[in-house]
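Understanding the architecture of this molecule
Here's the letter readout for the chains.
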Amino acid sequence: MTTPWSRRGFLAACSGTAVALGFGPRAFAASDEFTTLRARWRTLVLGEGFDPTTEPFKSRLADLGTTAGHYRATMAPATGSLWPDLVYADPDPDTDPESYGYSGNMNTSYTRLSTLAQAYCQPGTGLTGDADLRTAILTGLDHLHDDVYNADQTRYGNWYSWQIGAPQALLDVCVLMYDALPADRLAGYLAAVDHFVPDSAVASYSGTSTGANRVDLCRVLALRGVVGASPAKVALARDALSPVFPYVTSGDGLYADGSFIQHTTVPYTGSYGSVLLGGLGLLFALLAGSGWEVTDPNRQIVFDAVEHAWAPFLYNGLVMDGVAGRAISRGLSAADPKRIQQDDHLRGHPVLASIVLLGQGASAAENARWRALVKGWMQRDYYSPPLADPVLSLPHLARLKGVQDDGSVTAVAEPAGHRLFPSMARATHRSPGWAASLSMADKRITYYETGNGENLRGWHTGAGMLYWWGDTFANGQYSDAFWPTVDPYRLPGTTVSRKALADGAGGDWGASMPDVNWVGGATDGRRAAVGQYLKGLQSTLVAKKSWFFLDDTVVCLGAGITCTDGTAVETTVENRNLGPTGGAPFTVDGTVRPSSYPWSATFTGAKWAHIGGHGGYVFPGGATVRALRDARDGSWSTINKGGSTTVLNRKYLTMYVDHGTDPANASYAYQLLPGATAARTQARAADAKWLTVFANSDSLQGVAVPSLGFTGVNFWFGGTVGTLTASDPCCVMTSESEDGTAVIAVSDPMRMRTSLTLTWRRAVTAVTSAPGTLVSAAAGSALTLTFGDLTGTAGATQRVTVRLG
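Now for a quick tour of the structure.

Each value, and the rule that gives it
Residues numbered from 1 in each chain as written. Predicted model: local features only at pLDDT ≥ 70, side-chain atom pairs only at ≥ 80, totals over all residues. Heavy atoms only, no water. 1 Å grid on protein atoms, 1.4 Å probe; cavity = no way out; pocket = protein on both sides within 12 Å on 5 of 7 lines; lining within 4 Å. Points joined across faces, edges and corners; volume = space filled by probe spheres on them. Nonpolar A, V, L, I, M, F, W, Y, C, P; charged D, E, K, R; others polar. Core = buried A, V, L, I, M, F, W, Y, C linked by side-chain atoms within 4.5 Å. Buried < 20%, exposed > 50% of the residue type's maximum accessible area, 1.4 Å probe, protein only. Helix = DSSP H or I, 4+ residues; strand = E, 2+ residues; numbered from the N terminus. Contact = heavy atoms within 4.5 Å. Pairing = 2+ DSSP bridges. Axes fitted to C-alpha atoms, helices over the stretch in contact; angles between N-to-C directions. Phe/Tyr/Trp six-rings, centres within 6.5 Å; stacked < 30°, edge-to-face > 60°. Salt bridge = Lys/Arg side-chain N within 4 Å of Asp/Glu carboxyl O.

In total, this model carries 9 cavities of 30 Å³ or more according to the counting rule given. If you add up the space inside the largest cavity, you get close to 130 Å³. As for the largest cavity, its lining consists of 17 residues, and the residues nearest its centre are Gly322, Gly325, Arg426, Tyr448 and Thr461. Of the residues contributing to the lining of the largest cavity, the split by class is 8 nonpolar, 6 polar and 3 charged.

What follows is the structure in structure tokens.
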């Protein structure tokens, strides 16, 4: 419920215009369109439907006023800067990292003006309608225009600052302060935007004009058209969105399997993908009912992607770091040490709010389903409640509060099951009580992305990093200063050479990719077999790694581990962030080990281990495992040149297999049991019949769990494992059900098979469903399946269902 000082009432008082914001049929006459669109954008920027006198809005508005007051007090226009701490005059303008910093300061200067304008227009800031603040805003706009952002300026540094960052903030201010801007000054601002963002910026869907960047450019063009009353600009923005919608098969964009790529080789669902989702939601909402409404039928692909592409990477309000690229290194800032650090939860909350906004333009069924999903994610985010998010924008906050307060919406559980994303070498898995995510790399997907001095030590995040979270525990595992303090050579799940790598090794913008094809897997939608042929970054390391995702465990195998770097090679079973105190008990084979720091030990023939409050680990047949408790210091500046130098300390419990220096055909095997008690872990270790490891070699890796009716095999070269024989390299899993049916899931991770024959020595009476790639099937005492050309399947699973004999 809003007070009499409502959002629309305030808009009317502040701008002299108030309009209905409902979607649907064309809602206004042509003569009123630009006035209406400006008012609509104001509402999208400022939010609506919230009570500024109640929490969480009251405090946020007061904080906005405090921040704006500080910016106004420190503004000091001078040649080369508007604020002393944001010098944008570049003494040697080019495109090196130093110039990036100067152009970034120009961008940030406009962002601060946007903050001032929001404080001026929002109620409850203490600066609402303040005449001196209005003067400061106009002074700042004039200064930046005259000094740096104008039609005579040549850009330097980062293109993004000139074409997206600065013009977006500038145009937001132009909308918010429209009635206070003299016509000649407004014309100058728009001329500057036209100079840096000409129509040609969207003439070709290539380079920096793809995916999320294209959506951002369209936002600039659309607002340029709205502010300048240019139908042609708005139409251009609308039409230039169309290349974003269709599925792509290479490069940037959404893929049919749910992958999202930006910068050609980087999985980016949680960062650039968030920008794309939010930007499309805003533009769909802005143009709805107008003469430029987005009606391209392919926009349904974006709606479908909410559950197909984004939902699999959202868990209890966080968005998984394996699809956040460089953003994982953006913590505390050196320029603004008081700024809240980013983390997976703070990146996830805007995605939730963008889904709510996008739902307003989707079908009623989609909107209702998405709101139920969002409500569930919000309610389960105990680590970082979205409505207490200190950096979430007020409009986003209002959208999420609206969902929370909507009694007609019933929260739904986490989407269950397994999802493979072969087009970006990622996988996600959900079982009752926990979720996991796997990050790999291949000839299409980079080891990691660095650039702009960010993510300098993310070298091994694509070497099979296995993330996992519990439903009610460990949701801050990667949020709590994990990235600046973790040993970057010991990321959980990875096999790496300890060869020292330089910061940014491999090159900027995802330039370095391993020359491997066999990366992918097969799934029945509940369980999965996944494999990675691993080649180390700037290393001679090679290995075959397999993961079998089951109901309560992930079975992890490694084989063929060979390296000649002259350094040790390690597989990190676990590297758990235990926070500043690190008190979690650690048990190996029933004995509780010391809790002191530092501590280390080597366990020979270890059968199982357990970390209290986290989960268990089983080593089939016993293994030599090293364990250590380590109190690690680190700062954000070590992994991001713009990060704070403040030293942080976190305590870790690490388990790893030391394969020795220059190993040849080394191997490992273990089970991860998220959330398991020590007793359940011990019981699993004692049950020798639960898991059968059929093969763990450089050519074949396979397991079976009879009680689940599961068999999974990665055929690196074809061959026979247990009851399965494959003619060529492939991934296979079989899942038998109690009703006498089974699913055989097959994939061609290499995307090279023009034919494939698979034999399952199991009695089958009939094939009940099959994909178009299956050319023949012979049932009987054994089942022989012959597939045709699989090169066009993009590594996707081919599912065959059968009736067992």
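Let us now look at the nonpolar core. Membership of the largest hydrophobic core comes to 206 residues, with the highest contact counts inside it found for Tyr110, Leu113, Tyr149, Trp483, Phe586 and Met655. Ranked by residue count, the leading element in this core is helix H6 (residues 159-176), at 11 residues. Sequence-distant contacts of Trp483, that is, excluding residues within four places in its chain, are made with Asp321, Ile328, Thr461, Met465, Tyr467, Tyr478, Leu491, Trp636 and Ile639. Ranked by size, the runner-up nonpolar core spans 24 residues in total, among them Phe715, Ala726, Leu756 and Leu790.

This part takes up the sheet that holds strand S6 (residues 417-421). Spatially, 4 strands are ordered S6-S7-S8-S9 in an open sheet, and the strand pairing comes out antiparallel. Looking at strand neighbours, the two that pair on one side only are S6 and strand S9 (465-470), the edges of this open sheet. Here the strands of the sheet are splayed against their neighbours by 10° on average, with no regard to which way each runs. Sheet topology note: the S6/strand S7 (residues 426-431) ladder contains 5 bridges and is antiparallel. The residue bridging Phe421 from the neighbouring strand is Arg426, located in S7.

Right, let's get into the packing of aromatic side chains. Inspection of the entire model under this criterion finds 28 aromatic pairs. Ring centres 5.9 Å apart and planes at 15° place the aromatic pair Tyr149 and Trp162 in the stacked group. In this pair, Tyr149 sits in the loop between helix H5 (131-147) and H6 while Trp162 sits in helix H6, placing the two residues 13 residues apart along the sequence. Taking the relative accessible area as the measure of exposure, Trp162 reaches 0% and is therefore buried.

Walk down a regular strand and you will see the side chains alternate between the two sheet faces. Burial along strand S32 (residues 783-787) is one-sided: Leu783, Leu785 and Phe787 are buried, and none of Thr784 and Thr786, which face the opposite way, are. With 5 bridges joining them, strand S29 (residues 756-760) and S32 adopt antiparallel strand pairing. Opposite Thr759, over in S32, you have Thr784 as the bridge partner. Pairing analysis gives 4 bridges linking strand S31 (residues 774-778) to S32, with the strands arranged antiparallel. The residue bridging Ala778 from the neighbouring strand is Thr784, located in S32.

Let us look at the sheet that holds S32. With respect to topology, 5 strands assemble into an open sheet ordered S25-S26-S29-S32-S31, the strand pairing being antiparallel. The open sheet has two edge strands with one neighbour each: strand S25 (719-721) and S31. Shown here is a sheet whose adjacent strand axes are inclined to one another by a mean of 15°, direction ignored.

Below, the discussion takes up the side chain of Asn213. Here Asn213 lies in helix H8 (residues 211-227). Take Asn213: its relative accessible area is 3%, and that puts it in the buried class. In this view, Asn213 contacts Trp159, Ile164, Thr208, Gln262 and Tyr272; residues no more than four positions away in its chain are not counted.

What follows is about unusual backbone geometry. Note that the residue after Glu55, namely Pro56, is joined by a cis bond; omega there is 10°. If you trace the backbone, Pro56 turns up in the loop between helix H2 (33-46) and helix H3 (57-74). Here the phi dihedral of Ala481 falls at roughly 55°; this positive angle occurs in a residue that is not glycine. If you trace the backbone, Ala481 turns up in the loop between S9 and helix H15 (482-485).

Looking now at the pattern of salt bridges. On inspection of all chains with the given rule, the structure shows 32 salt bridges. With a closest N to O distance of 2.9 Å, Glu454 and Arg326 form a salt bridge. Pair noted here: Glu454 is in the loop between strand S8 (434-439) and S9 and Arg326 is in the loop between strand S5 (318-319) and helix H12 (344-359), with a separation of 128 residues, a long-range link. We note that Glu454, like Arg326, is buried. Each of the salt bridges in this network shares a partner with another, and the network as a whole consists of Asp194, Asp199, Arg224 and Lys233.

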